[in-house]
Amino acid sequence: MASAPKRPKAAAGSSARGRGSADPLSGFLAWCGRAGVQLSPKVRLSREGAVAGYGLLAAAELEEGEVLFSVPRSAVLSQHTSSIQALLQEAQEALQSQSGWVPLLLALLYEYTASDSPWQPYFSLWQDFRSLDHPMFWPEEERTRLLQGTGIPEAVDKDLANIHLEYSSIILPFMKSHPSIFDPKLHTLDLYKQLVAFVMAYSFQEPLEEEDEDEKGPNPPMMVPVADILNHVANHNANLEYSPQCLRMVTTQPISKGQEIFNTYGQMANWQLLHMYGFAEPYPGNTNDTADIQMVTVREAALQREWHPQPPGHGRGRDLLNRPETGIRGDTRDMPVPQHFRRQRGSTAAAGLRAVGLLVPAGDGGGGGRLCAWLARGADRGRAVHDPEGAVHVRRRIQGV
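A. Spotlight on the side chain of threonine 113. Along the chain, threonine 113 turns up in helix H3 (residues 102-113). For threonine 113, a relative accessible area of 1% corresponds to the buried category. Looking at threonine 113, its side chain comes within polar contact range of the side chain of histidine 187, at 2.9 Å.

Pasting the structure below:
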């Protein structure tokens, strides 16, 4: 059986790393030097000048293509670099889950609470994970009242159900089988939920090579020190690159001295940013913003003889049913449909934008695709994508009405 460190010596519900450290950043930078992280002299880590928390700022003029820092693979915190990596490797079959996050979360549970963990200077930058402002930590009444119609309450309910299921069916039995390493009184469900939010907000997932995309599942998440300090905007000016030896943050455009350096978390709508990261990008900065509309609303509209409001330039609406261009016949009440369709916008709904995207079944003899095309007609830019569930997703940008 794989040997592993003894249980962390820490009080239940708290970390052993000393949250009262006067200058966690200097300790973290010293750790970076020991771990082989190379930071360009043209950048600096600071709270001052950052839009939120710590950020990376330009200490000098930067050109496109400059390497801001590099992180060796050995300094990436994952299930493969944790102090209990041998134990996790031995139990990999038992630790499989729908999320694929369990091995990393177990590594974080151990390292976060271990007084002698080599990762303590890294964790010191987060004084308390309970300060994360994910909607999963909001009171349920407040979450429902403030976020109704965004899809976030439903997503959070699913997250919380999965967290409870993973903890009770995988994490807890694993901890009980290794009592010298884990203690359920210390490694609680509450701490596990906080670490899920931490992984959700700060982890990275290395993209697969193109030839592996159809054959392999996604790579497991990992924590990348320094890289996870960068804040996000849609119009970012840096990007993380992967190589076998290290990960490098590289500028994608010239950056002026004193300007904050932003990474991208992906093409994320504001509802996705709020759900996964606890913030939203102020209007009009997020060019990837979308809103979800319940599919039942679309079905009800499709069943009406007249459809209002109309897309710009289309005049009065006609019945979506039994039209040659839609390919849909009769009553759609028995037609299987995804829960939402997504609307992409170029400005606010208050400015008069109309619905511009729809998810419909692709297996309805082509009618779904034609309905998407009909709704997207007149768009200045649009595309249709078949998702894994067999639906057609049309996304379109418009400038307004």
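The discussion continues.
B. Region of interest: the side chain of glutamate 281. For glutamate 281, the position within the fold is in the loop between helix H8 (270-277) and strand E11 (290-294). Apart from the residues lying within four places of it in its own chain, the contact partners of glutamate 281 are His232, Val233, Ala234, Asn270, Leu273 and Asn286.

C. Highlighting the packing of aromatic side chains. The full count for this structure, using the stated rule, is 18 aromatic pairs. On the numbers, 6.4 Å between centres and 75° between planes, the contact of tyrosine 265 with phenylalanine 279 is edge-to-face. Of this pair, tyrosine 265 sits in the loop between strand E10 (260-263) and H8 while phenylalanine 279 sits in the loop between H8 and E11, and the two are 14 residues apart along the sequence. Accessibility expressed as a relative area gives 21% for tyrosine 265, which makes it partly exposed.

D. View of the pattern of salt bridges. Counted according to the given criterion, the structure contains 5 salt bridges. Glutamate 206 serves as the salt-bridge partner of arginine 73, at 2.9 Å between the closest nitrogen and oxygen. Highlighted residues: arginine 73 in the loop between strand E4 (67-72) and helix H2 (85-90) and glutamate 206 in the loop between strand E5 (203-204) and strand E6 (222-223), separated in sequence by 133 residues. On the accessibility criterion, arginine 73 (25% relative accessible area) is partly exposed.

Criteria and cut-off values
- Residues numbered from 1 in each chain as written.
- Predicted model: local features only at pLDDT ≥ 70, side-chain atom pairs only at ≥ 80, totals over all residues.
- Heavy atoms only, no water.
- Helix = DSSP H or I, 4+ residues; strand = E, 2+ residues; numbered from the N terminus.
- Buried < 20%, exposed > 50% of the residue type's maximum accessible area, 1.4 Å probe, protein only.
- Polar contact = N/O pair within 3.5 Å; in protein donor to acceptor, adjacent residues only side chain to side chain.
- Contact = heavy atoms within 4.5 Å.
- Phe/Tyr/Trp six-rings, centres within 6.5 Å; stacked < 30°, edge-to-face > 60°.
- Salt bridge = Lys/Arg side-chain N within 4 Å of Asp/Glu carboxyl O.

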